[in-house]
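Reading the structure
Here's the letter readout for the chains.
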Amino acid sequence: MHKNIFKKYSTGNATPKEEKAVNIFFDTLAEQQTFANDELTPQTGALLLNKIEKRIAQKNRRPYFRLATAAVLLITAGLLYTVFLAENQAEMKTVSAQLGKQQKVILPDASVVYLNSGSSLTYPVAFDKESREVTLTGEAYFEVEHKTTHPFIITSRHLKTQVLGTRFIVSNYCGDVAAVTVVSGKVKVTDKKSNASEIITKGQRVVYSPEKAALTKTTNVNTTNYLAWKDGRIFFDHANIKQVLQTLHRRYNVTLSVNSPYYNCSTISGSFKGNDLQGVLSSIRFINNMDYTSPQNDTIKITLKPCKN
């Protein structure tokens, strides 16, 4: 909006009120020569704008010359735009769940988010009137308050998820499967790269394939499995050994050091009790041929063996 006023001014199409405001702004900049470009902070900008407001109220203001070059015009317009942008930028907050722990977050609209270990959520202290937008890193379970005209949007590594009010899980850990699973309600999931989207409802799940840059929808899924982490359990859905070890690292905050090549003998599926890492590793050892040591200084050494024919 403010850039348009400067454009109208430079072409002689500004209203008398707009022209006066721009003239006074130029005059104010000239008076405040101590402000270098990189020193025009929201505080100093507020001072300039305050002076403009006072001077607009004054009468019989003398006319000022227009700018001679477009370059100076753009610099001045950019400074004013920066001031308004800085003053109106929403205050953001980030909440994180440490490794081995979970974190409950209550958002400004009363929606509730449960962060899985190693995840973080960034959101404004107050949502605007048009939408409720948050950014997720990792995995979280959302219980979104229904607001028909106020969509809730989650941006994650690969996906953009939009809802009005529902319960669902978004998972997008780096190096792991990116997916959205709906417990109740309806969700629109968009692939940020191709802009392709899918609508999923209760008991449905969308998985993103980075290799194909495509979304795959599955119906009639058991959503409780994908919420196992919230209940203290661990669930794997055709996960390879590398994904399994990454999950265990986040869940137990322990380093799993692999001192051999990654032999993916088979994928791992199933639900495990989450209170005993040794028990989980023991179960996995029979599925994917491997050995492991007892924890030493929060480190477990993993040795994977070649697959058996």
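For the structure itself, look to the data block above.
Residues numbered from 1 in each chain as written. Predicted model: local features only at pLDDT ≥ 70, side-chain atom pairs only at ≥ 80, totals over all residues. Heavy atoms only, no water.

Structural notes on the pairing of strand β4 (residues 120–124)
- Extensive coverage of β4 is indicated by the burial of 4 of its 5 residues.
- Relative to β4, strand β1 (residues 92–96) runs antiparallel, the two sharing 5 bridges. What sits directly across from lysine 93, in β4, is tyrosine 123.
- Across 3 bridges, β4 lies against strand β5 (residues 132–143) in antiparallel orientation. Counterpart to leucine 121 in the pairing with β5 is leucine 136. (Buried < 20%, exposed > 50% of the residue type's maximum accessible area, 1.4 Å probe, protein only. Helix = DSSP H or I, 4+ residues; strand = E, 2+ residues; numbered from the N terminus. Pairing = 2+ DSSP bridges.)

With respect to unusual backbone geometry
- Phi at alanine 213 is positive, roughly 50 degrees, even though this residue is not glycine.
- Examined against the element boundaries, alanine 213 turns out to sit in the loop between β12 (205–209) and β13 (214–218).
- You will see that aspartate 298, though not glycine, has its phi angle at about 60 degrees, which is positive.
- Judged by relative accessible area, which is 56%, aspartate 298 ranks as exposed.

Focus on the sheet that holds strand β15 (residues 255–258)
- Reading across from one edge, β15-β18-β17 is the order of the 3 strands in this open sheet, with mixed pairing throughout. Looking along the sheet, the strands with just one partner apiece sit at the ends: β15 and β17 (290–292). Strand-to-strand twist in this sheet, taken as the mean axis angle between neighbours without regard to direction, amounts to 25 degrees.
- Helix α6 (residues 241–252) contacts β15, β17 and β18 (299–304) of the sheet and is inclined by roughly 150 degrees relative to β15.
- Taken strand by strand, helix α7 (residues 277–287) contacts β17 and β18, and its axis lies near 160 degrees from that of β17. (Axes fitted to C-alpha atoms, helices over the stretch in contact; angles between N-to-C directions. Contact = heavy atoms within 4.5 Å.)

Observations regarding the pairing of β13
- Alignment of β12 against β13, held across 5 bridges, turns out to be antiparallel. If you follow valine 207 over to β13, its bridge partner there is threonine 216.

Quick look at the side chain of glutamate 139
- By the secondary structure assignment, glutamate 139 is in strand β5.
- In this structure glutamate 139 is buried but unpaired, with arginine 250 as the nearest side chain of opposite charge at 6.0 Å.
- Polar side-chain contacts of glutamate 139 include one of 2.8 Å to the side chain of asparagine 116.
- Those residues in contact with glutamate 139, other than ones at most four positions away along the chain, are Tyr114, Leu115, Asn116, Ser119, Ile169, Val170, Ser171, Tyr173, Tyr226 and Trp229. (Lys, Arg positive; Asp, Glu negative; His and termini not counted. Salt bridge = Lys/Arg side-chain N within 4 Å of Asp/Glu carboxyl O. Polar contact = N/O pair within 3.5 Å; in protein donor to acceptor, adjacent residues only side chain to side chain.)

Some words on the nonpolar core
- Ranked by size, the top nonpolar core spans 29 residues in total, and within it Leu107, Leu115, Leu121, Val134, Phe142, Phe152 and Phe168 carry the most contacts.
- Here this core takes 4 residues from β5, the largest share from any one element.
- With 21 residues, the next largest nonpolar core counts Phe236, Leu248, Tyr252 and Leu304 among its residues. (Core = buried A, V, L, I, M, F, W, Y, C linked by side-chain atoms within 4.5 Å.)

Details of α6
- The terminal C-alpha atoms of α6, which comprises 12 residues, lie 16 Å apart, in line with the 16 Å expected from a rise of 1.5 Å per residue.
- By the burial criterion, the buried members of α6 are Ile241, Gln243, Val244, Leu245, Thr247, Leu248, Arg250 and Tyr252.
- In the core, the buried residues of α6 are packed alongside β14 (233–239), β15, β16 (268–273), α7, β17 and β18.
- Asparagine 253 sits one or two positions beyond α6 and adopts a positive phi of about 55 degrees. (Expected span 1.5 Å × (residues − 1).)

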